[in-house]
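# Fold and geometry: a report
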Amino acid sequence: MKHSYVHGYSRKQLIRLQDQAGTLSELLHEGTRYPGGSRVLEMGCGTGAQTVILARNSPGARFVSADISRKSIQCAEKLIRENRITNVEFEQADISALPFADESFDHIFVCFVLEHLRDPERGLRALIRVLKKGGSITVIEGDHGSCFFHPETEAARRVWKCLVDIQSELGCDSLIGRRLFPLLRGTKLKKVRVAPRMVYVDRTTPGWVTGFIKQTIIAMVQGVRARAVASGRIDAKAWQKGIRDLYKTASPGGTFCYTFFKGIARK
Ligand SMILES: C[S@@+](CC[C@H](N)C(=O)[O-])C[C@H]1O[C@@H](n2cnc3c(N)ncnc32)[C@H](O)[C@@H]1O
């Protein structure tokens, strides 16, 4: 399969998505509950990290969780089985060719997917087609430009920038959080509301130091190492120094900030 998904489908990235979802569960899913009997599409479910949280938080709703990657769906199915969750079915689907009837879902949930699409607005329109009138769509995206940390060295900034640049080179936008509002508005959705969900981490929240700085952020940056070095954007030594410096933000004197954006709108 050839598409522009920057993080790839390795086991490391699978574990990273699960750590990320677990750590961010309350921050991102607060306020997202679906009524019993409603049919919800989760688009770009990946390895099922958000699926487990969604299904548990809304046990009476029925979820269809879809992704372009068969391998990811297989992981997600396994995760759902292991967690004895029964209100989810899976479908392999490309967002640009959804195999669902018009207006067949009461609600839609999309998390960390639009940033990987070359044409996110088109992706949104495709989703809106399958959403019932009056139904809600929830979109959660990050914004890599919202990231700052201490200590902040040039070497650490450089590896972080490699991630942003590589995603941009693939035609995708890791700075999409800041334009979620115009994107949603541009599709003529109603009642568009976007709110920032900020993560701030220091030593007083050790779970976040591990789950967010090390296992989410640094693991995500590490995922583009091969591509960054092979492209000549950075050499192996500078890369190593940048990663070492990023780890300093997880040391007792370090801090880390990042903002996610959660948009909700109605059709
Ligand atoms: C960063 S992952 C997020 C997975 C999950 N939502 C989560 O938060 O853990 C992005 C997912 O979008 C999927 N994806 C990328 N392009 C897609 C497309 N055109 N159609 C459907 N899924 C796509 C990828 O396969 C990947 O699983």
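For the structure, see preceding data.
Our subject in this report is the structure included herewith. Quantities reported herein were computed from a predicted structural model and do not represent experimental measurements.

So, on to the overall build of the chain. Across its full length, the chain holds nine helices and eight strands. Computed over its C-alpha atoms, the radius of gyration of the chain comes to 18 Å, within 12% of the 18 Å expected for a compact globule of 267 residues. The principal-axis extents of the C-alpha atoms in the chain amount to approximately 50 × 35 × 35 Å. Taking all 267 residues of the chain together, the buried fraction comes to 44%. A fraction of 81% describes how many contacts in the chain between residues 6 or more apart in sequence connect residues 24 or more apart.

Contact geometry for helix H5 (residues 154–169) and helix H9 (residues 236–248): axes closest at 7 Å, N-to-C directions at 105°. When the axis of H5 is compared with that of H9, the two are roughly perpendicular. The residues of H9 that touch H5, namely those facing Ala 155, Ala 156, Arg 158 and Val 159, are Ala 238, Trp 239, Lys 241, Gly 242, Ile 243, Asp 245 and Leu 246. When the residues that make up the contact of H5 with H9 are grouped by side-chain class, the tally is seven nonpolar, one polar and three charged.

Turning to the pairing of strand E8 (residues 255–266), a few remarks are in order. The pairing of strand E5 (residues 131–142) with E8 spans seven bridges and is classified as antiparallel. Residue pairing for E8: Gly 142 is matched across the bridge by Phe 260. Relative to E8, strand E7 (residues 190–201) runs antiparallel, the two being bridged by ten bridges. Residue pairing in the sheet places Lys 190 in a bridge with Arg 266 of E8.

Now for helix H4 (residues 120–129). Because an α-helix packs 3.6 residues into every turn, residues spaced three or four apart end up facing the same way. Inspection of H4 places Pro 120, Gly 123, Leu 124 and Leu 127 among the buried residues, and these make up the whole buried set. Down the axis of H4, the buried set is contained in an arc of 100°. They therefore lie on one face.

Moving on, we come to the environment of Ala 155. Secondary-structure assignment places Ala 155 in helix H5. On the neighbour-count criterion, Ala 155 (18 C-beta atoms within 10 Å) is partly exposed. Sequence-wise, Ala 155 and Gln 240 are 85 residues apart; in three dimensions their C-alpha atoms are separated by 9.0 Å. Setting aside anything within four residues of it in sequence, one finds Ala 155 in contact with Ala 238, Lys 241, Gly 242 and Asp 245.

Glancing now at the nonpolar core. By size, the foremost hydrophobic cluster in this structure holds 50 residues, and its most contacted members are Met 43, Ile 108, Val 110 and Leu 127. The biggest single contributor to this core is strand E4 (residues 105–111), with five residues. Residues Cys 162, Val 199, Val 224 and Tyr 258 belong to the second largest nonpolar core, which totals 24 residues.

Parameters and conventions
Residues numbered from 1 in each chain as written. Predicted model: local features only at pLDDT ≥ 70, side-chain atom pairs only at ≥ 80, totals over all residues. Helix = DSSP H or I, 4+ residues; strand = E, 2+ residues; numbered from the N terminus. Rg over C-alpha atoms; globule rule 2.2 N^0.38 Å. Buried ≥ 20, exposed ≤ 12 C-beta atoms within 10 Å, placed from the backbone. Contact = placed C-beta atoms within 7 Å. Axes fitted to C-alpha atoms, helices over the stretch in contact; angles between N-to-C directions. Parallel < 35°, antiparallel > 145°, perpendicular 65-115°, else oblique. Nonpolar A, V, L, I, M, F, W, Y, C, P; charged D, E, K, R; others polar. Pairing = 2+ DSSP bridges. Arc of directions from axis to C-beta. Core = buried A, V, L, I, M, F, W, Y, C linked by C-beta atoms within 7 Å.

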